[in-house]
Amino acid sequence: MLISIHDYSFSYPDNQPALSHVNLDLAQGSFTVLFGRSGSGKTTLLRQLKRVLLPSGTSTGSITWQNQPLAALDNRAQASKIGYVNQHADAQFATDKVWHELAFGLESLGVRPTAMRTRIAEMATFFGIGALLDRDVRSLSGGQKQLVSLASVMTLSPELLLLDEPTAQLDPLAKQTFIQILVRLHTELGTTILLAEHELEDILPWADQLVMMRAGTIAAAGTPRAVAAKLHATGDPLFAALPTATRLYCTGTAPVKPETIPLTVGAGRSWLAQLSLTPAPLPAPVAPAPTTPFLAAKHLAFRFAADEADVLTDVNLTVQQGSWYGIIGNNGAGKSTLLTLLSGICQPTSGKVTLAGNKLTHYKEADLYREFLAVLPQDPTTLFASATVQAELLATANMVQPAMGAAAVVSGAADLCHLRPLLDHHPFDLSGGEQQLLALAKVILLRPKILFLDEPTKGLDAFTKQQVGTILDQLQKNGVTLVMVTHDLDFIAEHADHIGLLFDGTIVAESPTHDLFAANSFYTTTASRIGRDIWPGAITFEEVAACLKHSQNS
């Protein structure tokens, strides 16, 4: 075995156990995917295998590298044999230029300049990033940054590659590109891969081992099909994290045969075709009742500096009062920039934004951001300034609530966002999903009439994502207008009323959610790609599953 983890436990300095009696083997050349809820111990486990990232704490049990204690590897061997890529490429960059980043690890190990140039050329060619070598890393798109981050690690030719949610911030196309590179590293170079991920749709078909963590323990491990069958049989909530084709098969087949479980869109389509189901269109969704336009953008343009090209050009959109509007598009399309213009954080170069019939510039800042408009940023920690979750919520509530009523309002927000057990915790000690729920609770306490959300499901496990969706659905039912930027097409298809597709600096398509996703072939949901030949118009897992059940019963 390349890596053997035996009866391993780890606790942080406050004696909080993070890992408990973990047993896991990684064979040479294997591809293992690790998943579980936020805070289940995935990142902690990965960092036990990379000494420079090992957190402070105490451990028991053993970790061996090729039958020798992992701790016996010297620093040079650790650096060259074990690579690590996290989800935040910016945090991993150590230099300014792409080629400097590729050279950094080689220079640190004292590789000769001639050998270094050869290795950089080899990696740039393999990864297809030769045209980026002279670019500043800050100018790259999210997908390009993650490829450069991976390439800089692979210049050292590690035997084991550790990845912590590397696709969490990527659009669908960039995610596919990154995964295909990983597959090539595994199949062509024999690199052993251990990857922690919440989004299993695209990566799971390539794995030979799937490991589910729960509360610091290994709750299930085996082949992807075997684990899928177990989660379905036990009704585990994290069954929702499995690929759409897998879930459709398990919910529509009895008995479930693990060896025939589909893992890909193609396998799912083949399985449906074998059932000889009668094609039938999905009943048209009920159109929402006409409402008043609440937010509008007219001919918006924006550039970061006078001597730079426009990032956004002639953007036009209209959001109805009480609706949920989703903005989708590739990395670097300008989605987050557009959100800053719509929310008044930045001013457009030209064009105008109107809110409730008035120009956005008409409102005073104190009126705009209290009980009218709120923004949930990509990084929820930018909203935190207090020592406990309860203090965070009280500080926000006191901004808009009478002092005597703040405690009651905080109690309600804590229950709505599932934060009551965490009230005494420090916000920075929470998992990523818990931090997102806390940030959402804070903006809810502002009682906004319109809420802007920038990638609110990024990096969330399937269970927490469902919680966020339920909370936002409730806000919309209460009359809050929602405008959400996202790469998560399955999530936005399930919840939004209207979608705007941003491309090349402008909105190129704007239509009701079902119309847009049903018409698209690539930029659509996984469920739509699987079931569209039989049930045109079914775009969510729930819709396709309901159609399948109806067809089987008729």
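These figures come from a predicted structure and were not determined experimentally.

J.: Would you mind going over the packing of helix H13 (residues 389-400) against helix H15 (residues 432-445) with me for this structure?
T.: When two helices pack together, you describe them by how their axes are tilted relative to each other and by the distance separating the axes. Direction vectors running N to C along H13 and H15 enclose 20°, while the axes themselves pass 8 Å from each other. The angle between H13 and H15 places the two elements in the roughly parallel class. Crossing handedness for the pair H13 and H15: right-handed. In contact with Val 389, Glu 392, Leu 393, Thr 396, Ala 397 and Val 400 of H13, H15 contributes Leu 438, Ala 441, Lys 442 and Leu 445. Split by residue class, the contact of H13 with H15 holds 7 nonpolar, 1 polar and 2 charged.

J.: Looking at this structure, I do not really get the packing of helix H9 (residues 244-252) against helix H20 (residues 541-553). What am I missing?
T.: Closest axis-to-axis distance for the H9/H20 pair is 10 Å, and the angle between their directions is 30°. Our classification of the angle between H9 and H20 gives roughly parallel. The two elements H9 and H20 meet at a crossing, and its hand is right-handed. Here Thr 244, Arg 247, Leu 248, Thr 251 and Gly 252 of H9 come into contact with H20, specifically with Phe 541, Val 544, Ala 545, Leu 548 and Gln 552.

J.: Explain the domain arrangement of the protein chain here, please?
T.: By a widely used convention, the size of an interface equals the accessible area lost when the partners come together. Domains assigned within the protein chain are domain 1 (3-222) and domain 2 (293-536). Taken over C-alpha atoms, the centre of domain 1 sits 31 Å from the centre of domain 2. Listed by partner, the interface residues are 18 residues for domain 1 and 20 residues for domain 2. Across the interface of domain 1 and domain 2, roughly 1,400 Å² is buried in total on both sides, 52% from carbon and sulfur atoms. If you look at where domain 1 meets domain 2, you find 1 salt bridge. Here Lys 465 ties to Glu 199 by a salt bridge, and the two come within 2.5 Å at their closest N and O atoms.

J.: What is the right way to look at the environment of His 418 in this model?
T.: When you line up the elements, His 418 lands in the loop between helix H14 (406-416) and H15. Overall, His 418 belongs to the partly exposed group, its relative accessible area being 41%. Through-space distance from the C-alpha of His 418 to that of Glu 434 is 8.7 Å; in sequence the pair is 16 residues apart.

J.: Would you explain the pairing of strand E18 (residues 481-485) in this entry?
T.: Regular strands have side chains that alternate between both faces of the sheet. The buried count for E18 comes to 5 of 5 residues, which makes it a mostly enclosed element. Side chains Thr 481, Val 483 and Val 485 of E18 all project onto a buried face; the interleaved residues Leu 482 and Met 484 project onto the opposite face, where all are buried too. In this structure, strand E13 (residues 324-328) lies alongside E18, joined through 4 bridges in parallel fashion. By the bridge assignment, Ile 327 is partnered in E18 with Val 485. Once the chain exits strand E17 (residues 450-454) it traverses helix H16 (residues 462-477) before rejoining the sheet at E18, and the crossover so formed is right-handed.

Rules used throughout
Residues numbered from 1 in each chain as written. Predicted model: local features only at pLDDT ≥ 70, side-chain atom pairs only at ≥ 80, totals over all residues. Heavy atoms only, no water. Axes fitted to C-alpha atoms, helices over the stretch in contact; angles between N-to-C directions. Helix = DSSP H or I, 4+ residues; strand = E, 2+ residues; numbered from the N terminus. Parallel < 35°, antiparallel > 145°, perpendicular 65-115°, else oblique. Left-handed = near helix turned anticlockwise from the far one by under 90°. Contact = heavy atoms within 4.5 Å. Nonpolar A, V, L, I, M, F, W, Y, C, P; charged D, E, K, R; others polar. Domains from an automatic or database assignment. Buried area = accessible area lost by both parts, 1.4 Å probe. Salt bridge = Lys/Arg side-chain N within 4 Å of Asp/Glu carboxyl O. Buried < 20%, exposed > 50% of the residue type's maximum accessible area, 1.4 Å probe, protein only. Pairing = 2+ DSSP bridges. Right-handed = clockwise from strand over helix to strand, strands pointing away.

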